[in-house]
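If you want the building blocks of each chain, they are given just below.
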Amino acid sequence: MDRMMRLCFLQALKTKVCDTVDGRKPRAGSELEVDREKLPLKGSAFYSACMKTCRPCDLDMKRTSFRKLARFLHAMQEEGFIQVKEFRRGEPSIISIDTAHPALTEFEPYRVRKTVGAPKAVPAAAVDGAAEAGGEEAEEDDKPVKTTVTELFRAPAKLQELTAALGYGKDQLFTAKEALDMMWKYVADNELSVAGDASRVSLDPVLAKALYSNSKSAPDSLSKKEMATLLPTKMKKHFAVSVDGGEEVLHKGSPIPIRLTLQTRGGKKFVTSVHGCERFSIDPNRLSRMLRTKFAASSTVSSVFVSNAIGDEQVVQIGGDRVQDIAKYLKTQFGLNQKYVEVEAKVKP
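Since we're looking at a predicted model, the values are computed, not measured.

How each quantity is defined
Residues numbered from 1 in each chain as written. Predicted model: local features only at pLDDT ≥ 70, side-chain atom pairs only at ≥ 80, totals over all residues. Heavy atoms only, no water. Helix = DSSP H or I, 4+ residues; strand = E, 2+ residues; numbered from the N terminus. Buried < 20%, exposed > 50% of the residue type's maximum accessible area, 1.4 Å probe, protein only. Areas by Shrake-Rupley, 256 points an atom, 1.4 Å probe, with all protein chains shown as cover. Pairing = 2+ DSSP bridges. Contact = heavy atoms within 4.5 Å. Axes fitted to C-alpha atoms, helices over the stretch in contact; angles between N-to-C directions. Arc of directions from axis to C-beta. Core = buried A, V, L, I, M, F, W, Y, C linked by side-chain atoms within 4.5 Å. Patch = residues over 30% accessible without salt bridge, like charges linked within 9 Å, V, L, I, M, F, W, Y side chains within 5 Å. Salt bridge = Lys/Arg side-chain N within 4 Å of Asp/Glu carboxyl O. Lys, Arg positive; Asp, Glu negative; His and termini not counted. Charge placed at Lys NZ, Arg CZ, Asp CG, Glu CD. Parallel < 35°, antiparallel > 145°, perpendicular 65-115°, else oblique. Nonpolar A, V, L, I, M, F, W, Y, C, P; charged D, E, K, R; others polar.

Caption draft 1: Main features of the overall build of the protein. Looking only at helices and strands, one finds 12 helices and 15 strands in the protein. Here the protein, with 349 residues, has 42% of them falling under the buried criterion. Put simply, the protein shows about 19,000 Å² of open surface, and 50% of that area lies on carbon and sulfur atoms.

Structure (structure tokens):
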């Protein structure tokens, strides 16, 4: 309902207020035509005569997190859309509108069905379709998915003697558990457990070469705990991503978390950036479209060079402070484990 309230607010500003952001006046026959030169406008009048006539489905302020109209209008003021003033206690009025606000200029009004008599609500799904210029695509976007990330390991040249002894090829990929099981099998097959101390393993030339850069400096034996810690550090890291159990996409290196950052623009305005979602098989353009619909805010996608090792990464930017909301959304909508989402607490200028 918060999202619906915001949609109706933007629709009302763009279609019911004269001299709107694109310089056009509302269509003839609009229920109320508000001339910005005649502001201030009572918030209650704007809500009942402008926002409610723009409603695509049932609109109820009490069902939102704001609960009261005054809180909602003050929230819109904090985002920079309007300026409000209370001439009477508890009755805010709109005294100015920022027609150059990016979210307002980029907002595409949806079609509201005309009715005779009492307004007839259009199904909420129709709003998604109108906002995204295609209902089927919006419905597909709204379907939650499960993203599975599997961290994998491959034996480098120094470990291939170990893996080859057990019949594995040089390109074999292991999970962390499979890699350890492989090493313990080698230990068992070659009877390398220290007599009288099952927690320690004697290092033969193959294990010494696998676990130490200089096998000559390797000790005669190690505890199994030390070996379990050393082995992953000696292997090459990969990770595989699959969506809803589909085909896995393999990537080299460790999974770099999606970064969520917050920047200020022009004082009190904020922009939230989502960095590197494509590494987890999330299409940046699709994510941008989904966030734009969910939060009724402007969003863009750009490519940014990170480093020679990483190359370019895609950055989705959306207006407003959405860091915590998007972190939660990536978990609920994409089923992404929170350890793969990194929130930077500091606000960047």
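We are not done yet, so read on.
Caption draft 2: Summary view of the sheet that holds strand β3 (residues 91-97). Strand order in the open sheet formed by three strands is β1-β3-β2, and the pairing between neighbours is antiparallel. The sheet terminates laterally at β1 (41-42) and β2 (82-88), the two strands that pair on one side only. In this fold helix α3 (residues 69-78) packs onto β2 and β3, with an angle of close to 140 degrees to the strand it touches most, β2.

Caption draft 3: Broad picture of α3. Here α3 has its buried residues at Leu69, Ala70, Phe72, Leu73, Ala75 and Met76. Just downstream of α3, glycine 80 is the residue with a positive phi angle, here 95 degrees.

Caption draft 4: Structural detail: helix α2 (residues 43-51). Restricting attention to buried positions, one finds in α2 the residues Gly43, Phe46, Tyr47, Cys50 and Met51. Axial view of α2: buried residues confined to an arc of 110 degrees, hence all on one face. Taken together, the buried residues of α2 touch α1 (2-16), β1, α3 and β3.

Caption draft 5: Inspection of the nonpolar core at higher detail. Phe9, Phe46, Met51, Phe72, Phe81 and Ile82 are the most contacted members of the largest nonpolar core, which totals 32 residues. Within the residue set of this core, elements represented by two or more residues are α1, α2, α3, β2, β3 and α4 (102-106). In terms of residue count, the dominant contributor to this core is α1 (eight residues). If we ignore the near neighbours within four places in the chain, the residues touching phenylalanine 46 are Phe9, Ala12, Leu13, Leu41, Met51 and Ile94. Val241, Leu262, Leu291 and Leu330 belong to the second largest nonpolar core, which has 27 residues in total.

Caption draft 6: Representation of the sheet that holds strand β9 (residues 236-243). Taken in spatial order, the four strands make up an open sheet running β5-β4-β9-β10, and their pairing is antiparallel. At either margin of the open sheet sits one strand with a lone partner, and together these are β5 (173-174) and β10 (249-252). Examined bridge by bridge, strand β4 (residues 147-154) and β5 share two bridges and lie antiparallel to one another. By the bridge assignment for β5, phenylalanine 153 is matched with phenylalanine 174.

Caption draft 7: Structural view of a nonpolar patch on the surface. Taken together, the side chains of Ile256, Val306 and Ile310 define a hydrophobic patch exposed on the protein surface, amounting to about 200 Å² of accessible area. Following the sequence through the fold, isoleucine 256 ends up in the loop between β10 and β11 (258-265).

Caption draft 8: Molecular detail of unusual backbone geometry. In this structure, glutamate 191 is a non-glycine residue whose phi angle is positive, near 50 degrees. Residue placement: glutamate 191 occurs in the loop between α8 (176-189) and β6 (193-194).

Caption draft 9: Main features of a positive patch on the surface. Residues Lys62, Arg67, Lys68 and Arg71 make up a contiguous surface patch of positive charge. The residue lysine 62 is located in the loop between α2 and α3 in this model. Taking the relative accessible area as the measure of exposure, lysine 62 reaches 59% and is therefore exposed.

Caption draft 10: Just the pattern of salt bridges, in detail. Taken as a whole and assessed by the stated rule, the structure comprises 10 salt bridges. The shortest N-O distance in the salt bridge between arginine 6 and glutamate 79 comes to 2.6 Å. Of this pair, arginine 6 sits in helix α1 while glutamate 79 sits in the loop between α3 and β2, placing them 73 residues apart in sequence. Judged by relative accessible area, glutamate 79 falls into the partly exposed class, the value being 23%. Across the pair glutamate 79 and arginine 322 runs a salt bridge, and its minimum N-O distance is 3.5 Å.

Caption draft 11: Main features of the pairing of β3. Taken together, the two bridges between β1 and β3 define a ladder with antiparallel strand orientation. Considered in β3, the bridge of lysine 42 is made with serine 93. The pairing of β2 with β3 spans six bridges and is classified as antiparallel. Bridge pairing in β3 places valine 84 opposite isoleucine 94. Here β2 folds back onto β3, and the loop between the two strands holds two residues, one of which, glycine 90, carries a positive phi near 80 degrees.

Caption draft 12: Here's a closer look at the packing of α2 against α3. Viewed as axis vectors pointing N to C, α2 and α3 meet at an angle of 90 degrees, and their least axial separation amounts to 10 Å. Comparing their axes, α3 and α2 come out roughly perpendicular. The residues of α3 that touch α2, namely those facing Gly43, Ser44, Tyr47 and Met51, are Leu69, Phe72 and Leu73. Here the contact of α2 with α3 is built from residues that sort into five nonpolar, two polar and no charged.

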